Amino acid sequence: MTREEIVNNGEDMMIDDPKPKIENDFNVHYLRIYYGNLFPYTDIHKWLSYGHDGKHPGCDEYYFGRREFSFTLENDVYLRYKSFKNASVMEDAIKSNFPYKIDIGAVYSVDPDKRHAYAHSGTNLFTPVERELVFDIDITDYDDVRYCCSGADVCSKCWPLMTVAIKVIDTSLREDFGFKHILWVFSGRRGVHCWVCDAKARRLTNEQRSAVAEYFRVYKGNENNAKKVDLMGHSLHPFLARSYVDFLKNFFEGELQANQSLFSSEEKYEKILGMITDEDIQADLRGKWENSARSSLSEEATSRLRWEQLKKTLQSKKNKALSLRTCVEEIVFTFTYPRIDLEVSKQMNHLLKAPFCVHPKTGRVCVPIDPNNCDEFDPLAVPTLSQLIEEINSGGLRMDVDDDDSDRSLLGKSIKFFRSSFLEPLLKSCKEEIESSYKTKIAKTKDSFSW
Amino acid sequence: MEVIRSQKRTVSNDVVSTPTLPLYLTAPPMEVRLEEFELFAIDRLRVLKGVSDGLARGRNPNEMDDLVETLWKEHMRLSDVSEMINKDIISHFVLRLVYCRSDELKKWFLSMETALFRHRFRLKKIEEQRAIVGEFGLPYKAVIGTELESLKEKLGLVARSLGQISSDALEIISSSPLSYLAVKLKPFLTESFFSFLSFAVENIYYKVPFEEVPDLVAGRRVLLQKGYAFVAGSQASHLVSLVVTQFRSHLSKALILTNRKWTTTIREREKDRLTPIVEALSTSYLGPDYSQSSEYADISLKDIDQVSKSSFPLCMRHLFEKLREDHHLKHGGRMQLGLFLKGVGLKLDDALAFWREEFTKKVGSERFDKEYAYAIRHNYGKEGKRTDYTPYACSKIITSAPGAGDHHGCPYRHFSEDNLKAALSRMGLSSRGMEDVMDKVRNKHYQLACTLTFEAIYGTSCDTGINHPNQYFEESQKILKSKTPAAPV
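Computed from a predicted model, the values in this text were never measured in an experiment. (Residues numbered from 1 in each chain as written. Chains lettered and ligands numbered in written order. Predicted model: local features only at pLDDT ≥ 70, side-chain atom pairs only at ≥ 80, totals over all residues.)

**Things to note about the overall build of chain B**
Step number 1: Helix and strand counts for chain B stand at 23 helices and six strands.
Step number 2: With 489 residues in all, chain B has 35% of them scored as buried.
Step number 3: Counting contacts in chain B only where the partners sit at least 6 residues apart, residues at least 24 apart contribute 67% of the total. (Helix = DSSP H or I, 4+ residues; strand = E, 2+ residues; numbered from the N terminus. Buried ≥ 20, exposed ≤ 12 C-beta atoms within 10 Å, placed from the backbone. Contact = placed C-beta atoms within 7 Å.)

**Points about the environment of Glu135 of chain B**
Step number 1: When you line up the elements, Glu135 of chain B lands in helix 5 (residues 126–136).
Step number 2: As for Glu135 of chain B and Leu25 of chain B, which are separated by 110 residues in sequence, their C-alpha atoms are 10.0 Å apart.

**Section: the sheet that holds strand 6 (residues 182–186) of chain A**
Residues and elements named next belong to chain A.
Step number 1: A sheet is described by the order of its strands in space; here four strands give the open sequence 5-7-6-9, paired in antiparallel fashion. Every other strand in the sheet has two partners, leaving strand 5 (133–138) and strand 9 (368–369) as the edge strands with one partner each.
Step number 2: Where helix 6 (residues 159–175) meets the sheet, it contacts strand 5, strand 6, strand 7 (191–196) and strand 9, and its direction lies at approximately 10 degrees from that of strand 7. (Pairing = 2+ DSSP bridges. Axes fitted to C-alpha atoms, helices over the stretch in contact; angles between N-to-C directions.)

**Here's the deal with the interface of chain A and chain B**
Step number 1: Contacts between the two partners involve 20 residues from chain A, matched on the other side by 20 residues from chain B.
Step number 2: Considering each element in turn, the side of chain A that touches chain B owes the most residues, seven residues, to helix 8 (residues 206–215) of chain A.
Step number 3: Of the residues contributing to the side of chain A that touches chain B, the split by class is nine nonpolar, eight polar and three charged. (Nonpolar A, V, L, I, M, F, W, Y, C, P; charged D, E, K, R; others polar.)

**Overview of unusual backbone geometry**
Peptide bonds are, in most cases, trans, and in most cases residues other than glycine have a negative phi.
Step number 1: Phi is positive for Asn75 of chain A, which is not a glycine, with a value near 60 degrees.
Step number 2: Inspection of the secondary structure puts Asn75 of chain A in the loop between strand 1 (67–72) and strand 2 (78–82).

**Points about the sheet that holds strand 5 (residues 223–225) of chain B**
Residues and elements named next belong to chain B.
Step number 1: Taken in spatial order, the four strands of this open sheet run 3-4-6-5, and their pairing is antiparallel. Of all the strands in the sheet, just strand 3 (141–142) and strand 5 have a single pairing partner and so form its edges.
Step number 2: Where strand 5 lies against strand 6 (residues 228–232), three bridges are found, and the strand directions are antiparallel. Note that in strand 6 the partner of Leu224 across the bridge is Ala229.

**Remarks on the environment of Leu23 of chain B**
All names here are of chain B.
Step number 1: Along the chain, Leu23 turns up in the loop between strand 1 (2–4) and strand 2 (31–33).
Step number 2: Considered as a pair, Leu23 and Ile89 are 66 residues apart in the sequence and their alpha carbons are 8.8 Å apart.
Step number 3: Once residues lying within four places of it in the same chain are set aside, the contact partners of Leu23 are Glu135, Phe136 and Phe247.

**Let's talk about helix 16 (residues 385–394) of chain A**
Residue and element names in this part refer to chain A.
Step number 1: For helix 16, the set of buried residues is Leu385, Leu388 and Ile389. Buried residues in helix 16, looked at end-on, bunch into an arc of 100 degrees, giving them a common side.
Step number 2: Looking at the buried residues of helix 16, the elements they touch are helix 2 (28–37). (Arc of directions from axis to C-beta.)

**Topic: the pairing of strand 7 of chain A**
Residues and elements named next belong to chain A.
Step number 1: Counting buried positions along strand 7 yields six of six residues, so the element is predominantly enclosed.
Step number 2: The alternating pattern of strand 7 places Gly191, His193 and Trp195 on one face and Val192, Cys194 and Val196 on the opposite face, and all of these are buried.
Step number 3: Pairing of strand 5 with strand 7 involves six bridges; the strand directions are antiparallel. When the bridges of strand 7 are listed, Leu133 appears paired with Val196.
Step number 4: Alignment of strand 6 against strand 7, held across five bridges, turns out to be antiparallel. For Trp184, the partnering residue across the bridge sits in strand 7 and is Cys194.
Step number 5: In this structure, the hairpin formed by strand 6 and strand 7 is closed by a connection of four residues, where Gly188 is found at a positive phi of approximately 100 degrees.

**Quick word on the confidence of the model for chain A**
Residue and element names in this part refer to chain A.
Step number 1: Chain-level pLDDT for chain A is 85 on average; 84% of the residues reach the 70-or-more range.
Step number 2: Averaged over each element, pLDDT in chain A is lowest for helix 1 (residues 2–14) (40) and highest for strand 6 (98).
Step number 3: Within the model, the stretch residues 1–23 combines pLDDT values under 50 with 13 contacts to residues more than four positions away or in other chains.
Step number 4: Within the model, the stretch residues 221–226 combines pLDDT values under 50 with four contacts to residues more than four positions away or in other chains. (pLDDT = per-residue confidence, 0-100.)

**Quick word on the packing of helix 5 of chain B against helix 11 (residues 236–269) of chain B**
Residue and element names in this part refer to chain B.
Step number 1: Relative orientation of the contacting elements helix 5 and helix 11 amounts to 35 degrees, with a least axis distance of 11 Å. For the element pair helix 5 and helix 11, the recorded crossing hand is left-handed. Touching Ile126, Gln129, Ile132, Val133 and Phe136 of helix 5 are Ala236, Leu239, Val243 and Gln246, all from helix 11.
Step number 2: Partitioned by chemical class, the residues of the contact of helix 5 with helix 11 number seven nonpolar, two polar and no charged. (Left-handed = near helix turned anticlockwise from the far one by under 90°.)

**Some remarks on the pairing of strand 4 (residues 205–209) of chain B**
Residue and element names in this part refer to chain B.
Step number 1: With two bridges connecting them, strand 3 and strand 4 associate as antiparallel partners. In the sheet register, Ala142 faces strand 4, and the bridge partner there is Tyr206.
Step number 2: Where strand 4 and strand 6 come together, five bridges link them in antiparallel fashion. Of the residues in strand 6, the one forming a bridge with Val208 is Ala229.

**Some remarks on the nonpolar core**
All names here are of chain B.
Step number 1: Ranked by internal contacts, the top residues of the largest apolar core, which has 167 residues, are Val217, Val222, Ala229 and Val231.
Step number 2: Once residues lying within four places of it in the same chain are set aside, the contact partners of Ala229 are Val208, Phe210, Val213, Leu216, Val217, Val222 and Leu224.
Step number 3: Formed by 33 residues, the second largest nonpolar core is a distinct cluster that contains Met316, Leu341, Tyr412 and Leu420. (Core = buried A, V, L, I, M, F, W, Y, C linked by C-beta atoms within 7 Å.)

Set out below in structure tokens:
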């Protein structure tokens, strides 16, 4: 609590700041305008209330109030276990703290803000009870398979790796696990977040979350092992087979080859040869490629040609060991299969950055991504704080996103997508669930009179 | 289940064709002698504690199979099969009563019984496993007809991805005449006969919500479609997963009902008979009681300071140091340390002298004789009801609730992290050893934390684990004495 006061004092000092220059993508002054005018409080509140809006007798009016939020403030001051009774309390807290980052945690058994009151009862009343199933995919984990950027940088040549990850995971979450309410969000800089919001997903235990995460695990990152993907067995599991056939193979041979020319230099192809367990085949291919080093073909064409040679060689040795037959698939998986940070998904109480936050390094808003049109998503075209502020300045003070022309404003489009594609169907099914569980409850109380 | 106080043995011999792995679906109508009520429960508790220890030590499933087999043989096996089954069932239902009484107890019991069941099931032959599954009457829909037909290819892929079955074999199974018959006759058969028939052809696939078979999902061992896992009745690992899930959910519900019965009727009705037994069982300690000091435990006053540093577990060392420092301990501390000292062989006279020496510095000898000496003689069975009291075991110390001014209890549980770390480093733990210990503490494995401390200090493994401060003392003395050369130089 004392921390908050300190921060509030800081707020007063900001007033004297000179008018910031427009070129900067991110600064506190802009952030305050953003939180004051653009951040979609009502939508976030509606989402995280999951239909518990107090209108139905079966509602749990304290549901939203038991959700943990945490704020990262300027100078890395970190406030955990904040909770808000309703949308306006949340709005006030955000407007007075203007956090650099807002994280969303679990819904707890009791109000997180009052957890200390329960701490000494000994029975551990303060436990997480619900939480979206979340996934976090980060482009930095792909550094060994992209040659355009490294670290936190991302460009149009490596972003498609994220796109294919979204396709693979989104399809499996829907087709295999039967989830319907899935929100994909740009993390603001170098990756994507996924929120699975179906009631069933929110109630998964840690053990069940781990199971889902492990279902997606293929990549076993290890610097000391050239072969990072091991697809054992005589055939691919249907999930992997579908991912391979529908997404990964074409992506590898098409877009990825075009962007990264995976075989164009010795350094690049040696990495791939290392994944072939048969030394004769390795030597054979290496010989061919060393000789063709000075051909007149373009990098991309050379790369494609070599891939065809590799495939032909491996697949012609039909009678050889099983491990060679899966080798082509293994190479494709190594380069293209989603590399999820699985630990984030396994624990109910793991925090994840809220949608519509602004990334302090890039100034870009964490906007939702439409998984059905994720090919069109361009991380470098996501509106930045300064663009949004400029838009406000030039358009006067008309910032209400409910306006008819919200489509035309930079953020309006994203908010509209969030509402129509995610929020509305979600709330519809939440209300149905509340209604039906209310009915069962009524029926049960009637029954209980009999015994 | 009726509990009787009779010496005459009326326990029925008419246990009818129960399989050797009961599902404990209903309490059987049998009479149980009061002694057995407690003894059987204690034996089962030893098994469950062993399972708990094995899991906390991270044993893999195969090692757990072996462990469970050994534990069962050691504590539960009786030569007469039907008597063994009786013991199995009785002990389970008694412990249900014992462990239904709080959420913490319930949770522990549920996971240990489930683990026990899982490994006992794994140890059975496939025929017996099938019989058990049949008895459960799994509440899942079997996949048949066109649905099965449409999934056949993918199910084959899953099987082959696990390297278990060729597509041809699957083809043969699914087109076998018996399966065909089962499907065709379905409208005319009872549900159970249908499932028996289907089962007989090993071809059954169950449609199960994926979250009920997390281990199969994690290993990609099943086909998933729209939230359902297609679980093969013909595969042992699939079967285990299904049955264990059922077992767990059934027991979980049953514990809630038992709790209701316990609080509304049983506790009051049995307050003079079963209730004390039940209430004592959950904190009972199962090793030797150390009421008689053993060969290693025989210390005299002059050694006590040195021995306290070399061989006392942290809880006792702390009490001992506090006593020397403050010349006083509150009641809980006097009991915990006093009985421990009795266990390590401090004679009554020495004990009186020991406590007197400290307490008189604070309260004077007159008050000591009047207020404290009695309690010490009482502990040694020389006063009052003359019971020879036994030293406290870890389970009792861990569950004690030290208040303000108290120093007793288990440091691993009751100390703050900083205090514990400081205390451990005074015991000579390296920072690496310390991290391991703190890790166990954070996961609430206090006895394992103590065991790891022991292992770090003496540099040997302690496979049995620490269950009792006096055991810690004895193990430590054994090691120290074996290291001391026979003739000091």
